[in-house]
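Understanding the architecture of this molecule
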Amino acid sequence: MDLKDFCYKGEKPDLKKIPESAYDLGITKEEKEKYVEKTEQNILRIAELQDKLYAEGREGVIIVLQAMDAAGKDGTIKHVMSGVNPQGVHVISFKQPTSRELEHDYLWRVNQALPRRGEIAVFNRSHYEDVLVTQIHGMEYGYNMAERCLKDGSKKFYEKRYKQICNYEEYLYENSYRMVKIFLNVSKKEQKRRFMDRINDAGKNWKFSAGDLDERKLWDEYHELYEEIIEKTGTKNCPWYIVPADQKWYERYLVSEIVIKVLEDCEPKYPELPDEEKAKLAECKRLLEAEEN
């Protein structure tokens, strides 16, 4: 399949029909090693492109990962970005907002986390939590905001946020940033298996919280809302990708393909020195060659 088959730029997805497993796409277990090898090759390509991006310092890249719990966000980031230069890549995990963050607009903390041009930021969760979890649990009425911001009701409140997010992301694009958003589409059955694994393995107990089961009960509500969010905020310049996540090896392969695409779209190049700097290099080379040792 082509990446465009996973890409959404304003279309409303139907998550009940979109594959959660690589096997639903006709990929077999016997092909696993082929995709693992492709991913390793992609990691090398990502490192090559990132080096040029960092040297040029012309565009910044933001990779947003959203998912239900246990979809593999941490492992995907760790694996796919394993070959990059760490000084040019930053991973930001957005947790529940702090009291200081709640004193500002909801995009304030995101703005603090933007990379410099030439760098990559990977958002483990993101500003989309502020139209997702907050909307599921009706948190907007707990905000210390003027009545004029809340008086039109929740539906209008979040419609405005969708528009604000689209405007914000387009603003970033117009200021030499590229953002790509990825939803890791894990099945409810696979999430259960991974939860059980976290409970049964003492080394993974720390990953599990009893609160995860409370959110699992809202599975259908979350999926319906994700469909709405992807439709309302997927754009030509800042698209969404929905990636099957039941097989981590295929999920990581697709994410690596997406990262390569956004980096190649930047067309990064090593800076070319002006003639006078080249002349200085030639002189430095001559001096070094003239040394006895």
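Anything mentioned here points back to the structure above.
Description of the structure in this document. Being a predicted model, the structure only gives us computed values, none of them experimental.

Further remarks concern the pattern of salt bridges. As enumerated under the stated definition, the model contains 21 salt bridges in all. A salt bridge links Asp-152 to Lys-160; the shortest N-O distance between them is 3.7 Å. A relative accessible area of 42% places Asp-152 in the partly exposed class. Salt bridges sharing partners connect three or more residues here, namely Arg-45, Glu-48, Lys-52 and Glu-264.

We now examine the packing of aromatic side chains. We describe a pair of aromatic rings using the distance from one ring centre to the other and the angle between the two ring planes. Following the criterion strictly, the structure yields 12 aromatic pairs and no others. Ring centres 4.3 Å apart and planes at 40 degrees place the aromatic pair Phe-183 and Tyr-226 in the tilted group. Placement of Phe-183 in strand 5 (residues 177-185) and of Tyr-226 in helix 9 (residues 219-233) is noted, with a sequence separation of 43 residues between them. Taking the relative accessible area as the measure of exposure, Phe-183 reaches 1% and is therefore buried. A centroid spacing of 5.9 Å and a plane angle of 35 degrees characterise the contact between Tyr-250 and Tyr-253, whose relative ring orientation is tilted. Note that Tyr-250 and Tyr-253 are positioned in helix 10 (residues 248-266) at a spacing of 3 residues, about one turn of the helix. Owing to a relative accessible area of 3%, Tyr-250 belongs among the buried residues under this scheme.

Taken as a class, soluble globular proteins show a tendency for nonpolar side chains to be buried jointly. In this structure, Ile-120, Phe-123, Ile-182, Tyr-241, Tyr-250 and Leu-263 are the most contacted members of the largest nonpolar core, which totals 76 residues. Not counting the four nearest positions on each side in its chain, Ile-182 is found in contact with Ile-63, Val-64, Leu-65, Gln-66, Trp-240, Tyr-241, Val-243, Val-255 and Ile-258.

Its identity is not glycine, yet Arg-125 carries a phi of approximately 70 degrees, on the positive side. By secondary structure assignment, the location of Arg-125 is in the loop between strand 4 (120-124) and helix 5 (129-136). Residues other than glycine seldom take positive phi values, yet Glu-267 does so here, at roughly 50 degrees. Among the structural elements, Glu-267 can be located in the loop between helix 10 and helix 11 (275-290).

Looking now at the state of the cysteines. Counted under the stated rule, the structure contains 0 disulfides. With no disulfide of its own, Cys-149 has Cys-166 as its nearest cysteine by sulfur position, at a separation of 19 Å. As a non-bridged cysteine, Cys-166 has Cys-238 as the owner of its nearest cysteine sulfur, 8.4 Å distant. What makes Cys-166 buried here is its relative accessible area of 19%.

Once that is clear, we can look at the pairing of strand 2 (residues 60-67). Among the 8 residues of strand 2, 8 are classified as buried, and the element is accordingly described as predominantly covered. A two-sided burial pattern is seen for strand 2, the buried positions comprising Gly-60, Ile-62, Val-64 and Gln-66 on one face and Val-61, Ile-63, Leu-65 and Ala-67 on the other. Summarising the sheet, strand 2 and strand 5 pair through 8 bridges and their orientation is parallel. Among the inter-strand pairings, Gly-60 is bridged to a residue of strand 5, identified as Tyr-177. Sheet analysis places strand 2 next to strand 4, joined by 5 bridges and oriented parallel.

Across the sheet, 6 strands lie side by side as 1-6-5-2-4-3; this open sheet has mixed pairing. Each end of this open sheet is capped by a strand with a single partner; those strands are strand 1 (7-8) and strand 3 (89-93).

With respect to burial, strand 4 is a largely interior element, 5 of its 5 residues being buried. Residues of strand 4 alternate between two faces, with Ile-120, Val-122 and Asn-124 on one and Ala-121 and Phe-123 on the opposite face, all of them buried. Here 5 bridges tie strand 3 to strand 4, and the two strands are oriented parallel to one another. Its bridge partner being in strand 4, Ser-93 is matched across the sheet by Asn-124.

Reading guide: rules and limits
Residues numbered from 1 in each chain as written. Predicted model: local features only at pLDDT ≥ 70, side-chain atom pairs only at ≥ 80, totals over all residues. Heavy atoms only, no water. Salt bridge = Lys/Arg side-chain N within 4 Å of Asp/Glu carboxyl O. Buried < 20%, exposed > 50% of the residue type's maximum accessible area, 1.4 Å probe, protein only. Phe/Tyr/Trp six-rings, centres within 6.5 Å; stacked < 30°, edge-to-face > 60°. Helix = DSSP H or I, 4+ residues; strand = E, 2+ residues; numbered from the N terminus. Core = buried A, V, L, I, M, F, W, Y, C linked by side-chain atoms within 4.5 Å. Contact = heavy atoms within 4.5 Å. Disulfide = S-S within 2.5 Å. Pairing = 2+ DSSP bridges.

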